Amino acid sequence: RYNLSALSGRHIPPAATLNQGVLMRLEPVSLADYEARARLVLPYNVWNEIESGAMDEVATARNRTALNSLVLRPRLLRDVRERELTTSILGTPISFPVFVCPAGGHKIAHPEGELDTARGAGKSGTIMVLSTASNYSIEEVAAVATGPVWMQLNHRGRDLSEMLVRRAEEAGFKAICLTVDSPISVPQERSVKNRYDHPYERANFRGMDVQTSASVNVTGNPFAWQPQVVPITWQEVEWLRSLTPLPLVLKGIRGPEDALLAVEHGVDGLLVSNHGGRQVDMTLSSVETLPEIVATVAGRTELYLDSGIRRGSDVLKALALGVRAVGIGRPLFWGLAVDGAEGVHGVLEVLRSELDRALAFCGQTSVSEVESHIVGIPHDWGVTELDF
């Protein structure tokens, strides 16, 4: 069921045809269907802002090609009539191992923005991670959220970070997720060419003189942060760890060396991520870095993964490689654009259904006990055996 009210006041690109109108009336059965519908609904420059990656977008594409290069190796002749998808992240129960990653500026896809994202995630019984650059504030999102919420933090000075952390604590957020792979601002070339300018305020800084107190631009592009007041270093991680009793997750870890340092600094979780290929190009995909990180961490902290997840089988592959859950980024915008909160819920439920089927076909009965040998890794990854 497609909510035609989502089209109200929206620009449909000239390429929209009668056949595309038929497409939009059909029930979405995959994330690709949500993507196709969102592309019809969103203005051209907004679509490109959501979809773009850094520079030549090689890393963005590699996230998908690497996941596709992994193969499933089904185990058969097992009783898989009962399958358990529930799990927990940092002690918080979720209904299945997929959560909503932080991403700035949800109002570009739907007027209710992060409010509807929180509603959709809550309806699916999973976590939403709210971006520092959100168009609705910490308090506004907390007021409508029916599921657990984490706070993503862009560290731009201790005063600003402490203010956000304290507000998140008071609002009942469950964890702090510090982004560590954005030492400088990197605009996407597609958006530069389109002269894209984010039209909505950063609600978490509403009414603040942030140019003097936080050194950020409130009303401009939510990804175009001003230079940091204090660089993100391990010293700042230690400071943040001492600031709050909330669990601390680092987002953007790319290799075993930094993963080991994170463990030594007492972080509670690592989100293995290349930021959807949006920060720096020509890197490994997130999933390619995972085996070394899993082996290095050796169960001493929880691991999650994002960047490129599009199918339930992708979720199962990541679980088999050793993560506890995966996050989605661009697909949340597709769901919002198509049908607001129901669209976000729909995207998540597609992944739930696909994961459930993949479990059954691979002879698995619990997402918490996925066998590592059900995934085959290409020889050129340099990984010969998985034993996690």
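Basis of the calculations
Residues numbered from 1 in each chain as written. Predicted model: local features only at pLDDT ≥ 70, side-chain atom pairs only at ≥ 80, totals over all residues. Heavy atoms only, no water. Helix = DSSP H or I, 4+ residues; strand = E, 2+ residues; numbered from the N terminus. Contact = heavy atoms within 4.5 Å. Core = buried A, V, L, I, M, F, W, Y, C linked by side-chain atoms within 4.5 Å. Buried < 20%, exposed > 50% of the residue type's maximum accessible area, 1.4 Å probe, protein only. Salt bridge = Lys/Arg side-chain N within 4 Å of Asp/Glu carboxyl O. Phe/Tyr/Trp six-rings, centres within 6.5 Å; stacked < 30°, edge-to-face > 60°. Lys NZ or Arg CZ within 6 Å of the ring centre and 35° of its normal. Polar contact = N/O pair within 3.5 Å; in protein donor to acceptor, adjacent residues only side chain to side chain. Pairing = 2+ DSSP bridges. Axes fitted to C-alpha atoms, helices over the stretch in contact; angles between N-to-C directions. Parallel < 35°, antiparallel > 145°, perpendicular 65-115°, else oblique. Left-handed = near helix turned anticlockwise from the far one by under 90°. Nonpolar A, V, L, I, M, F, W, Y, C, P; charged D, E, K, R; others polar. Right-handed = clockwise from strand over helix to strand, strands pointing away. Disulfide = S-S within 2.5 Å.

### Digging into the overall build of the protein chain
Regarding its fold elements, the protein chain presents 14 helices and 12 strands. In the protein chain, the share of contacts with a sequence separation of at least 24, taken over all contacts with a separation of at least 6, comes to 72%.

### Concerning the nonpolar core
I176, L240, L250 and L270 are the most contacted members of the largest nonpolar core, which has 89 residues in total. Take this core: its biggest share by element is 14 residues, from helix α14 (residues 330-361). Among residues more than four places away in sequence, those in contact with I176 are M151, L153, V165, A168, L240, T244, L246, P247, L248 and V249. In terms of nonpolar packing, the next biggest core, distinct from the first, is built from 13 residues, I89, V129, A175 and Y304 among them.

### Quick word on the pattern of salt bridges
Where charged atoms from two side chains of opposite charge approach closely, those side chains can pair. One pass over the structure, following the stated rule, counts 22 salt bridges. Note that R206 is salt-bridged to E201, the shortest N-O span being 2.7 Å. Given a relative accessible area of 41%, R206 falls into the partly exposed group. Between R241 and D268 there is a salt bridge, with the nearest N and O atoms lying 2.5 Å from each other. Placement of R241 in helix α10 (residues 234-243) and of D268 in the loop between α11 (256-264) and β9 (269-272) is noted, with a sequence separation of 27 residues between them. Via salt bridges that share partners, E112, D116 and R119 belong to a single interconnected network.

### Section: the packing of aromatic side chains
Following the criterion strictly, the structure yields 3 aromatic pairs and no others. Each ring, one from F99 and one from W150, has its centre 6.3 Å from the other, and the planes form 35 degrees; the classification is tilted. Note that F99 is positioned in strand β4 (residues 98-100) and W150 in strand β6 (residues 149-153), a separation of 51 residues in sequence. Each ring, one from F99 and one from Y304, has its centre 6.2 Å from the other, and the planes form 85 degrees; the classification is edge-to-face. You can see F99 sitting in strand β4 and its partner Y304 sitting in strand β10 (residues 302-305), a full 205 residues away along the chain. Since its relative accessible area comes to 2%, F99 is described here as buried. Its relative accessible area of 0% is what places Y304 among the buried residues. Cluster of aromatic residues (ring-pair linked, three or more members): F99, W150 and Y304. Geometry around F96 places R352 over its ring, the cationic atom sitting 4.3 Å from the centre.

### Re the side chain of T289
Relative to the assigned elements, T289 resides in helix α12 (residues 286-297). What makes T289 buried here is its relative accessible area of 7%. A distance of 2.7 Å separates a polar atom in the side chain of T289 from the backbone oxygen of S286. Not counting residues up to four positions away in its chain, the partners in contact with T289 are R254, V272 and L284.

### Details of the pairing of strand β7 (residues 176-179)
With burial as the criterion, each face of β7 is covered, one bearing I176 and L178 and the other bearing C177 and T179. Here 3 bridges tie β6 to β7, and the two strands are oriented parallel to one another. Note on β7: the bridge partner recorded for L153 is L178. Here β7 runs beside strand β8 (residues 248-253); their pairing, made up of 4 bridges, is parallel. Residue pairing for β8: C177 is matched across the bridge by V249.

### Section: the packing of α11 against α12
Interhelical geometry of α11 versus α12 gives an angle of 30 degrees and a closest axis separation of 9 Å. It follows from the interaxial angle that α11 and α12 lie roughly parallel. The chirality of how α11 crosses α12 is right-handed. Residues P256, A259, L260 and V263 of α11 form the contact with α12, whose own contacting residues are E292, I293, T296 and V297. Of the residues in the contact of α11 with α12, the class split is 6 nonpolar, 1 polar and 1 charged.

### Structural notes on the pairing of strand β11 (residues 325-328)
Because side chains alternate across β11, one face comprises the buried residues A325 and G327, and the other comprises V326 and I328, equally buried. For the segment spanning β10, helix α13 (residues 312-321) and β11, crossover handedness is right-handed.

### Digging into the state of the cysteines
Tallying each qualifying case throughout the model produces 0 disulfides. Counting only cysteine sulfurs, C101 is the nearest neighbor of C177, a cysteine outside any disulfide, at a range of 7.7 Å.

### Examining the side chain of Q364
Checked against the element boundaries, Q364 lands in the loop between α14 and β12 (375-376). One polar contact links the side chain of Q364 to the main-chain carbonyl oxygen of C362, over a distance of 2.9 Å.

### Here we look at unusual backbone geometry
Here R195, not a glycine, exhibits a phi torsion of approximately 55 degrees, which is positive. Along the chain, R195 turns up in the loop between α8 (189-193) and α9 (210-213). Judged by its relative accessible area of 76%, R195 is exposed. Positive phi, close to 55 degrees, is recorded for A298, a residue that is not glycine. For A298, the location among the structural elements is in the loop between α12 and β10. Judged by its relative accessible area of 55%, A298 falls in the exposed class.

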